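Architecture and fold: a report
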Amino acid sequence: MRGAALKLGQMISIQDQNLLPKELVRALETVRQNADYMPMSQLNKVMTSELGKNWRDKFGEFNDTPIAAASIGQVHKGKTLDGVDVAVKVQYPGVAESIGSDINNLKRLVMYSGAVKKSYYLDEAMAYAREELAKECEYEEEARNQNHFRELLMHDKRFYV
């Protein structure tokens, strides 16, 4: 399981455990603990699409085995050409485009199962989740924010950004 469905499962599983039936909480906890890695062929396709055919030449090192996998992507350890350690975030293909349908499907599941009463503001929660998940898929915005924090903290020796 990947994408918004996994992310929502993760979010719900760490919320108030009395809100949902115990069986559903256990299932969501299992989902939260298990995110699949991208197959190597898919990783190569994504990296080629983003960085070009010779994408490996842009790294001094790139570890094919991810050090972490989550709902919308995975992280690989690498080194720049000048030897700086980096974390390379790779987004699963199509995850940003699937957010809307994943949320709609999860909403249907929750409503039809009777897991959440209508009074729990499900529509508002799903709208918020849709907005937050879309933001999480904006890796370029994340990079801009990191650069901004680097500028803010560059003279504070306690931090390296």
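Residues numbered from 1 in each chain as written. Predicted model: local features only at pLDDT ≥ 70, side-chain atom pairs only at ≥ 80, totals over all residues. Heavy atoms only, no water.

**What about the nonpolar core?**
By size, the foremost hydrophobic cluster in this structure holds 21 residues, and its most contacted members are Met47, Phe62 and Val90. No other element matches the five residues that helix 4 (residues 95–113) contributes to this core. Filtering out sequence-adjacent residues up to four positions away, Val90 remains in contact with Met38, Leu43, Val46, Met47, Ile72, Gly73, Gln74, His76 and Tyr139. (Core = buried A, V, L, I, M, F, W, Y, C linked by side-chain atoms within 4.5 Å. Buried < 20%, exposed > 50% of the residue type's maximum accessible area, 1.4 Å probe, protein only. Helix = DSSP H or I, 4+ residues; strand = E, 2+ residues; numbered from the N terminus. Contact = heavy atoms within 4.5 Å.)

**Examining the pattern of salt bridges**
As enumerated under the stated definition, the model contains seven salt bridges in all. Residue Glu142 is joined to Lys89 by a salt bridge in which the shortest nitrogen-to-oxygen separation is 2.8 Å. Highlighted residues: Glu142 in helix 6 (residues 139–153) and Lys89 in strand 4 (residues 85–91), separated in sequence by 53 residues. The class for Glu142 is partly exposed, based on a relative accessible area of 27%. (Salt bridge = Lys/Arg side-chain N within 4 Å of Asp/Glu carboxyl O.)

**Observations regarding the environment of Glu97**
In this fold, Glu97 is placed in helix 4. Judged by relative accessible area, which is 65%, Glu97 ranks as exposed. Along the primary structure Glu97 and Cys137 are separated by 40 residues, whereas in three dimensions their C-alpha atoms are 9.7 Å apart.

**Quick notes on the side chain of His76**
Relative to the helices and strands, His76 is located in strand 3 (residues 73–79). The buried category is assigned to His76, whose relative accessible area is 0%. A distance of 2.8 Å separates a polar side-chain atom of His76 from the backbone oxygen of Asn63. Setting aside chain neighbours within four positions, we find His76 in contact with Leu43, Phe62, Asn63, Asp64, Thr65, Pro66, Ile67, Val86, Ala87, Val88 and Val90. (Polar contact = N/O pair within 3.5 Å; in protein donor to acceptor, adjacent residues only side chain to side chain.)

**Focus: helix 3 (residues 40–51)**
The first and last C-alpha atoms of helix 3 sit 16 Å apart over twelve residues, in line with the 16 Å expected at 1.5 Å per residue. Taken together, the buried positions of helix 3 are Leu43, Val46 and Met47. For helix 3, the buried positions fall inside an angular range of 95 degrees around the axis, keeping them on one side. Away from its buried face, by an angle of more than 90 degrees, helix 3 presents the exposed residues Ser41, Lys45 and Ser49. Of the surrounding secondary structure, the elements contacted by the buried residues of helix 3 are strand 1 (61–62), strand 3 and strand 4. (Expected span 1.5 Å × (residues − 1). Arc of directions from axis to C-beta.)

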